[in-house]
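Structural overview for review
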Amino acid sequence: MNLNFSLLEGYPIFSLLQIEEALLRTDQDNWCIINIGSPDAIVMSSYSKKEDWLFPHAQHSKKLPLIKRFSGGGTVYVDYNTFFVTFICNQETHSFDPY
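Residues numbered from 1 in each chain as written. Predicted model: local features only at pLDDT ≥ 70, side-chain atom pairs only at ≥ 80, totals over all residues. Heavy atoms only, no water.

What to know about the environment of Ile88
Structurally, the position occupied by Ile88 is in strand S6 (residues 83-88). Using a relative accessible area of 8% as the deciding quantity, one classes Ile88 as buried. (Helix = DSSP H or I, 4+ residues; strand = E, 2+ residues; numbered from the N terminus. Buried < 20%, exposed > 50% of the residue type's maximum accessible area, 1.4 Å probe, protein only.)

Quick word on the sheet that holds strand S3 (residues 41-44)
The three strands lie next to each other as S4-S3-S5, forming an open sheet whose pairing is mixed. Single-partner strands in this sheet number two, and they are strand S4 (66-68) and strand S5 (76-78). Within the sheet, the average angular offset between the axes of one strand and its neighbour, ignoring direction, is 30 degrees. With three bridges joining them, S3 and S5 adopt antiparallel strand pairing. By the bridge assignment for S5, Ile42 is matched with Tyr77. (Pairing = 2+ DSSP bridges. Axes fitted to C-alpha atoms, helices over the stretch in contact; angles between N-to-C directions.)

Here it is in structure tokens:
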């Protein structure tokens, strides 16, 4: 299996999510993407509601970006110390479940 590798530093999580979604939708290659040092942000799943997870004053106190990702999952806070590792693999190239 061939694996493309991309090491990013300081990419905002919104930019990283855009790259991941573009690769998932348009590329058949296998990828490992690592991002180190993302600026502060709050990331929510596509089906989460802001009102269910955030106190109204919490987001505004630091002016944090609130980002809805294209996939499911929980609500998370990311910052410079968050280390992202993403694997995007063609389903036919591995024998394990794709989740």
